Every structure is written in C-alpha cells, then in structure tokens.
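Results of the structural survey
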Amino acid sequence: MNRFSYLRATSIDEAVRAAAADPTSRFIAGGTNLIDLMKYNVERPERLIDITRLPLNRIEEADGGGLRIGALVTNDEAASDPRIRDRYPLLSSAILAGASPQLRNSATTGGNLLQRTRCYYFYDPGTPCNKREPGTGCPAAFGRNRIHAILGTSEHCIATHPSDMAVALAALEAVVHVAGPDGERAIPLSDFHRLPGDHPEIDTTLRHGEIITAVELPPTDYGRHYTYLKLRDRLSYAFALVSVAVALQMDGDTIADARLALGGVAHKPWRDPEGEAMLRGQPAAEDRFAAVASHILKDAKGYEDNAFKIDLAKRAIIRALSQAAAGTPQSQTDKRIQ
Amino acid sequence: MQPANAYIGTPQNRVDGRAKVTGEAKYAAEFDAPDLAYGIVVSSAIAKGRIKSIDTSAALAVPGVLQVFTHENRSRTAWFDRNFRDETAPPGSPFRPLYDEGIVYGGQPVALVVAEEFELAAHAASLVRIEYETDAHMTDLDLRRSEAYVPPKKRSNVKPPPSPRGDAEGALAQAPVKVHAEYRVAIEHHNPMETHASTVIYEQDGTLTIHDKTQGAQNSQSYVSSVFGLSSSQVRVASPYIGGAFGSGPRPQYQLFLAVMAALELKRSVRVVLTRDQMFTFGYRPLTIQTISLGANPDGKLVSLMHDAIQTTSTFEDYQEVVVNWSNLLYHCDNVKLTYQLAQVDTYTPIDMRAPGAALGVTAIETAMDELAYAAGIDPVELRLRNYAETDEADKKTFTSKELRACYQLGAERFGWAKRNPEPRSMRDGRELVGWGMATGVWEAIMQKTAARAVLTRDGNLEITSATTDIGTGTYTILTQIAAETLGLPMEAVTTKIGDSSLPKSPVQGGSWTAASAGSAVQNACLSVREQLFKYARQMEESPLANASIEQVMFVDGRICLMNEPNVGVIFAEAMQAAGVERVEAEEKASPGMLTSMRHSGYSHSAVFVDVKVDEELGRVRVTRVVNAVAAGTILNPKTARSQILGGVVFGIGMALEEESMLDHNLGRFMNHNLAEYHVPVNADVYDIDVIFVSEHEQLLNPLGIKGLGEIGVVGTAAAIGNAVFHATGKRVREYPITVDKLLG
C-alpha cells in the first residue's frame, strides 16, 4: 500500500472538482474492493476522496414510473428495499447471490459497478498484466484461466467483470446517472462497461472526474417471470463461473418480450439482442431455449481451463429461461436448482 | 454411582472457549511492546534464478523506515544445515531466508522492510526495486515424472513402503476381476484463519520473548537458538493460542527467522505478519499421482494389490509422507507391491497437512475399491468386509484394537445403507440424481515422548503445565479433564498452561498424538502427586487412612477417602498442612511402550457414508448428508471430539469438491493465492454431519486408551464423496477436486 492523502467531500461539486484536479485520485465509498486493491499495490491512488457523506443514499420514485437508486445505497439496502423486492425482484435476487452479508452491508451501488476484475494476474503485481500495467502482456491467456472470459475477449485481456448486480441491471436496461466537470449525463448500463480491446486498463466509459450519482430502473412488469441463476465453484460466496439474468414478459405460454444477460463470461454484462429477439413471440419451449443459447455462445472462445464455460453457459441459459418462463425464479438460499 | 470429578468420557465445554470468544485470548500478532517495529516481507516475482540487483534506497528514504534487510546486509547466522533443521524437517538443506542472491521458488522472501509503523513498512516495501536474472524453472510434476526417485534418506517417523510380498504382477495377470487406474488430488494449502506471525519482544537484558504462530514452541525456540547462536536461556517462545494450523505450523517459518534477525540487529522488538497471499509461499500438500492395480477373484477377494505414488518435493529437501502403505494395512492380500517416489519441482518443500499421506493415499485406494465393487458386482461395504485385514500384514503385528467392522455396521445402519439401490443413476430426487457412497478412513495412533508438570497448592488449586500447544483441537480442555479426574478435583480448580517453551518438554503438536502423549504425561504427573498426597495423608496423626493402601482409596472433590467407606477420609489441604508443605508437585513423562510397539500396531479407523445430490446438467454437487463412524479408542470429550470430526469432514468436502492451489507453470507461481479464489467450504456447502463414536476398548497404547482424533475425520471423506458422485451419475472422476468442468458432458 502506498501513502495517500484523504479528503472527505461535502458536496458532489467538491468531489468532482477534487477528482478532476488530480488524475491519481479515487473515490472511496464502501471500499470493499478498493482497499484490497491498495493492499495488493494494484491501485496506488495518491488521493482518496471519501464520498460517503454525499446525499446519494436514497431510493426514490423516478419520473415515468421507475426507481432511482442513489449511488451510495448499500447492496443490502437495495436488495431488501420493499419497492425493489416487489417491482424488481430480479435485482434483489442478483444482489443476494453475490458476496456475503458483511460485504453487502458495506458495498454501495456505485462501487459495485466500478469493482474490478478478480483475474488472478491482475491481483498479483509479481506478474505481468495489461490491465494493471498496459503493455506488459496477458499471462492469463496462456496460464490459469478458469475464471476468465469466453466472449468479447481480446489478445490483450481475457478478464471478466465480477458483479452480479450489474448483470441484473443490464437485463433491466438500467441507466447510470453521472455528474462530472462537464455536467451531468446518463449512460445506458449496457454502454457503461466496455470490452477490453486494445485498452483493457479502461473498464468503463466513465471519464475521470465523473461520479456516479444514481442508477435508474425503468418501469417493467415481468411479475414472477424472472430468474437469476448463478453457477460457481462452491454453493455460496464465490464469483460466478457463469450467471444468467432473465426477465420475460409472458402472454400465456408465449414469450412477448425477453431480456437476458450473462455474467462471468465477459469484460461486461453480456447481452445479445439477436438472441433475445429469437424468443419474442415464441412459445416457451426447451428447444427454442437451446437454439437461443447456441446463438448467444456462437462466437465464444474457450481457453485451456475455461472452455467448459461455453457448454455450461448454454445449459445455464436453458435452465434460466425455463425457470423464468415457469415463474419459478431461483432461490438464493435453497441451493437446489429448480 | 458415578463418582464426582469423573470427567473423562463426558462432554465438556472448552475451558478456553470464553477467552477465545471474548478476545481475551491473544494470538502471536496481538502482543505489543513499547518499542515495537513492524516488518513487511517482500516476495520474489520469479521462480528461479538470482537477484541481479536490489535497490532499497527509495524504501530507506521513507522517514520512519529503520532498515531493509536483504541477502546483502543480513546478519551472520549458523553455517551448517543441521543448525537450520527443526525436529520435523525432512532430509536435505532447509531453506535459509535471505541467505544469498539465489531464488529457488516463486514467492521466496527476498527482503524485510522494517519501520516504526506498519503502514510505513507496507508503503516502503512497495518501493523496493529488484532486478532478476531468470533461469528456466519447472513446476509441472508431469514433466518431472520420468525423473522420479526413491528418497535415499528416510524422513524420521515416516515409514517407507514395505518390501513386496508374493507376486503382485503375476497374480494380477491371472485375476478374473481387475481395476487399474491413475488418481490425483490437487495441491492444497492449509489456509488457517490466522496467518503466520511472529512478535519478537527484545527484552531489556537482550533476551528474546517470542510470540510465534507455531505448533511447537520448543521447536521454534531451538531453531532460533541454533540459527542465531543464542543459548536456550536467551530465547523463550510462547504460543498459547493458535488460530488454526492444520500442519502449516510445525516447522519454524520464514517470518520467525526474519523477525528475530531484525530484532537482534535493531536491538528492539519486531513483529512480522505474513499476508494471506504469502501463506501460499511455503509448505503445501504435495501434488500426488497415484496408480493402483487391483486383482480380485469373482467373490471380490483381493489376489493382487499394487499402489504407486509419485509426489512433488522441492529441489532442496526430500519431503516424505506415508501414502501407499495404507492399502495393505486396510486390506488382506498375499501379493502386494507398494512404491513411493519423489520428483523435484521448483516450489518450496511440501509440509504436513491434516492426515499427511493418508488423506491422499486412502482417497486413492478407497476410490479404487469402489471401482472394484462395481467391477465385481459386490456391495462396497461387503467388499471391504471380505478383504478385512485382521492383522498388520506388512509389519507382521497384531492390532492393539480395531473396531472397523463395527464402524461399517453402525455407520451403515445410521445411514440407511441397506436401502441403497446399487445401480448407478438409479436414485433421484426431483431433478437431481442421488448418490450414496462410502469409504474407509484410517490413521496411525501415535505417541511421542512428552513431559508434564502438576502443582497442587494448599488452596486446592492444581496447575498443569506442558510445552505442547493447542491448535484449536481442545487440548486445554482434555488435559484439564484428565488432571481433574485423576486427582479428584473439580475442573474449575485446574488451570492448564501450555504452549510455552519454558514448560516441560513436548514435541510439536501434530499427527493426532497430542491427546495420547500430553494426556498420558499429565495423568502420570497427577498420579505422582496422588502418591505423595496419600503418603502425607497416611502419615497424619491418627490418620483414618493409616491402614489403607492406595488401591483402597479414591480421590474425590479434594479428599482422599476409603472406597468402601467414602465418609472416612482426609482433605488434601489437611494432609498438606500436617506434612508442612504448601505445594505438592511432580513432573513426569509419558512415552510409547517399546514392547507394545514391537508386537502391535495401533490405528484409529472410520467408515464414512455420504449422500450427494447432483444436478447433472449443471455439474453441481451438494453433499447433503454425511455419517462418519469413528473408532479411536477412548473418547475423552465427546463434545470437542465431535467438533474434531466435523472439521475433518469439512476438510474432506473441500478436498473432494473445491480445494486446488493452481500453479501457473509458465510463471512457476501459485495464482489463486487468496480466500476468494482458493475455495474452502462455506456454510452453504455443509449440510448434516452425523458423527458416531464406536466403542473401542484400547488398553495397550496408553493407560487411558487414547488414539487421537485430529486427522481421522478427513481421511476417507473425499473418496466417499467421489464414490457417491459415481453412484449418482455413473461418472468416475479420478482427479480431485470434482469440479463442475469434470462432471459436464
């Protein structure tokens, strides 16, 4: 860990100005990931800007019938909020699938989106890593890559984004509200995280100095036709090998509309509009789900340790679509998968 | 009538429980000193080669940094390997921290940064710049397999495989039923909650008081003395509480060396705590490739048994453990061939990990026996009974006691094994396949020479001391029980002090030998105090016990009284007062009986039954029920004993399904070096565990009949789970852990 200075911001303006003035600064809220990264010398900010006193900790009704979740709302508050449980149970379920109660009590909505990959190499400064030190190489591609990506990788990086919450938000077509030196803007969640390409060191489209103020959920009506299915190397407290968030609008046995996002497979929550379109107007049938799964994974590329994820992802998609169509979402406490 | 103070065999709460849950119990890194400085270890980025240059100027320039120790400025230490060898060291040249510029494994400590504050040391450590010259390294056992060798020098207390008997190859060729397969268990790291730490207090007179996370306070003390050329009176090591160790702590680790060196050089107190990722930079359970060939008659009786193992060791020591001997110990066979070899890789030397050797070897043989059960069409329990070893055939000895048959029977009954449909894939629960599997467990009942002291004071309090440690196993509690019962005192009147090098001599805690060894020593010391007390009581004027012999009296509630007339007796304090003594004390030893060990073999046994649910499409396994029936002689405290077995079973679930230290062979480095990516079971992974202690009358190993419980719970569990997965799915996975990828497809 390096030495750093500390500023407790009292207003969004102050936080943004302080961050914009210092390219080595980082915002800190729950700190559940940043502090770890600092201990490992992966992140070495010279200034920490504490934003926990900013008025961003409320969940409010949004214009047009949605909900607006303040960036500082903790994961636990979001998951247990009656409005979210009632209107966005997919989000609540995904959050509860992640981390541990202690972490969820501390981690925030904005921080969850900005958490960094758990790639072994990224975390270990004794090894090369293009995300940590651009230009040094990606040993994961030829090394241990069990937890790595199978979609949207580049020769420079095969890391995944580890969040569960973000996968649900992608399926719910949430919008990220940010404030920055140039004012406020709104970023669709699907455009918030980026693929590694030639610049794996850049995780998101957030510009330096910008701060997440809220995540807005548009109105939806999926009822019980959703699920968050997370597959991992133990029954709890592990990052996803593959996860699937599904929300379906059912018209009898026919799928009127479908949203599906994958976690644990790419540098961002993975959506495939063509795959979703293949479900629209179709009966909820397993062969159709299989066709959709094959389509979504058609360009997947496996590596030595993680090639199994391609098959696993297909099976998980089929199961998740079956659960959502039947209105029997996956429980996050009973570890039996329906 | 059950006499008062009859504690042995009764469930008792941990005497150290309150101290642990209130935080009163202090661990190595929690001790403080007014002049305490903090050391942070810098680890090597390469696996093999040498340090070309090491630039410490930026680190030293940080105000508050006291020194950066490297191979260039380290203090002089002992010259000979023997000075670095501890009581559990395997043959070879022990690793010497900061010895020279050479790098022999990934993560090797290359510098220690010491500063006035922990944060300063951490910051400065990140500023040390090192240039390396790399040599080609090799960490892949498969590529070193052809260079495997029989260790030329045996590790003490580790039996090499016995000589072959009969003609195993010939018998196999003729056998009507055969099984031949290769089995692997991934490298594991211990991952105790408490990371390794040493706080070295530099006393005003220049002596050292060291709070070390270790399984052997005296082992650490003698290591420090011999490496740094100090007399034993200058070094005291205290380790009263240990936050789990599982075998990671018998050998003095490099943080101890570094902290002592810094303290001596700086002449002030120093603390060094390893980080979680540095817990992956020393010993581990070695990667082991095992090949087993079984030949049997159609009735399942073995006619040929071959079991070969190749294990990783380092380039500087020949680590050894007992891997293959268990096969013949469990099963009768006339044609037996067992081999054990090592292959060198560029890692640190492996180190004992809970049931070293047995956890690996028994996993393989018990998986192979399950395969044989299907090949011969015989129930797995029945197959084991048909091949039951009545004697220790390799050593030509009889067992001191062996209630394994009862383990099979009681375990099977409790589990409901009779209702099992033997056909794989035949049982379902909704969408999930159901699998029932079983396996045998075995571990040696070992005793080591150990001393203990008992001091009874006139106020009726008894103090028990021994240098042995309690790594969370319940040693404090069982020693207290034994002392209280032997001397006839309430447990509350007994204080047990252990984990200190200044106390009566004890080996490291390990091998499940502590209860038998320290327990017997405590019993002997208390018996000695009894005799003295009885002598004083008889010598009292008009003593009501004057004509009694020690066989005719009992010691209850601080009194000596006649067995047939309990109202007649003498209070301890009165006897001591009459004799004019304030205290009665004795130090006694306990050792394994030579005659017993020449004629008999002592082992604990278990039968593990497991119920798994498998979601086949998604490759997900849940271990929903475990019954573990254990025969281990006298169970001193069923409550702490059950906890031991529960922990062992959880360890086995980890081995079966989750635990794997992933080496990147390109970098020669363990990559998943944290608790997020090295998966140990969490609460959700653990369902019902039912522990049965099978009654076993043991009277040869030691007077109390103790065999020990630290290891037996893990042995067999992984194989039982693997066998259950086969029963559920029809898929045999021979590489543990059985992860999702191995079950898909």
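Calculation notes
- Residues numbered from 1 in each chain as written.
- Chains lettered and ligands numbered in written order.
- Predicted model: local features only at pLDDT ≥ 70, side-chain atom pairs only at ≥ 80, totals over all residues.
- Heavy atoms only, no water.
- Helix = DSSP H or I, 4+ residues; strand = E, 2+ residues; numbered from the N terminus.
- Rg over C-alpha atoms; globule rule 2.2 N^0.38 Å.
- Buried < 20%, exposed > 50% of the residue type's maximum accessible area, 1.4 Å probe, protein only.
- Contact = heavy atoms within 4.5 Å.
- Areas by Shrake-Rupley, 256 points an atom, 1.4 Å probe, with all protein chains shown as cover.
- Domains from an automatic or database assignment.
- Buried area = accessible area lost by both parts, 1.4 Å probe.
- Salt bridge = Lys/Arg side-chain N within 4 Å of Asp/Glu carboxyl O.
- Polar contact = N/O pair within 3.5 Å; in protein donor to acceptor, adjacent residues only side chain to side chain.
- Axes fitted to C-alpha atoms, helices over the stretch in contact; angles between N-to-C directions.
- Parallel < 35°, antiparallel > 145°, perpendicular 65-115°, else oblique.
- Left-handed = near helix turned anticlockwise from the far one by under 90°.
- Nonpolar A, V, L, I, M, F, W, Y, C, P; charged D, E, K, R; others polar.
- 1 Å grid on protein atoms, 1.4 Å probe; cavity = no way out; pocket = protein on both sides within 12 Å on 5 of 7 lines; lining within 4 Å.
- Points joined across faces, edges and corners; volume = space filled by probe spheres on them.

All right, on to the overall build of chain B then. In terms of helices and strands, chain B carries 19 helices and 32 strands. Against the 2.2 N^0.38 benchmark of 27 Å for 745 residues, chain B shows a C-alpha radius of gyration of 27 Å, consistent with a compact globule. Viewed in the frame of its principal axes, chain B has a C-alpha envelope of about 85 × 75 × 50 Å. Here chain B, with 745 residues, has 65% of them falling under the buried criterion. Across chain B, every contact between residues at least 6 apart in sequence was considered, and the portion connecting residues at least 24 apart equals 81%. Working note: accessible area of chain B is about 26,500 Å², and carbon and sulfur atoms make up 49% of it.

This next bit is on the domain arrangement of chain B. All names here are of chain B. Examined at the domain level, chain B breaks down into domain 1 (31–136 + 192–275), domain 2 (146–188 + 284–446 + 598–744) and domain 3 (447–591). Tallying the contact residues gives 21 residues for domain 1 and 20 residues for domain 2. At the boundary of domain 1 with domain 2, total buried surface from both sides reaches about 1,800 Å², with 55% on carbon and sulfur atoms. One can count two salt bridges joining domain 1 with domain 2. In this structure, Lys48 and Asp346 form a salt bridge, with 3.8 Å as the shortest nitrogen-oxygen distance. In this structure, the connection of domain 1 to domain 2 is made through six residue pairs in polar contact (both at pLDDT 80 or more).

Turning next to the packing of helix α13 (residues 475–487) of chain B against helix α14 (residues 514–539) of chain B. Working note: a packed helix pair is described by the angle between its axes plus the distance between those axes. Residue and element names in this part refer to chain B. In the contact formed by α13 and α14, the axes pass within 9 Å of each other and the chain directions differ by 30°. Considering their axes alone, α13 and α14 lie roughly parallel with respect to each other. Between α13 and α14 lies a crossing of right-handed hand. In this structure, α13 contributes Thr475, Ile478, Leu479, Ile482, Ala483, Thr486 and Leu487 to the contact, and α14 contributes Thr514, Ala515, Ala518, Gly519, Val522, Gln523, Cys526, Leu527, Val529 and Arg530. For the contact of α13 with α14, a count of residues per class yields 11 nonpolar, five polar and one charged.

Scanning all chains against the criterion turns up 62 salt bridges over all chains. When the shortest N-O distance is used, the salt bridge between Glu276 of chain A and Arg271 of chain A registers 2.8 Å. In this structure, the salt-bridge partner of Glu617 of chain B is Arg319 of chain A, at a minimum N-O distance of 3.0 Å. Of the two residues, Glu617 of chain B is situated in the loop between β27 (603–615) and β28 (620–631) and Arg319 of chain A in helix α12 (residues 308–326); the pairing between them involves two chains. Relative accessible area serves as the criterion here: at 39%, Glu617 of chain B is assigned to the partly exposed category.

Let us look at unusual backbone geometry. Residue and element names in this part refer to chain B. Note that the residue after Tyr736, namely Pro737, is joined by a cis bond; omega there is 5°. Structurally, Pro737 is set in the loop between β32 (735–736) and α19 (740–743). Of note, the phi angle at Lys267 is positive, near 55°, even though the residue is not glycine. With respect to the helices and strands, Lys267 occurs in the loop between α8 (254–266) and β11 (270–273). We classify Lys267 as exposed; its relative accessible area is 55%. In this structure, Asp557 is a non-glycine residue whose phi angle is positive, near 50°. Assignment of secondary structure puts Asp557 in the loop between β22 (553–556) and β23 (559–562).

Take the layout of surface pockets next. By volume, the second largest pocket amounts to about 810 Å³. Arg144 and Asp305 of chain A together with Glu660, Leu663 and His665 of chain B are, among the 36 residues lining the second largest pocket, the residues nearest its centre. Mapped by element, the contributors of at least two residues to the lining of the second largest pocket are α5 (141–144), β29 (663–664), β32 and α19 of chain B. Of the residues in the lining of the second largest pocket, the class split is 12 nonpolar, nine polar and 15 charged.

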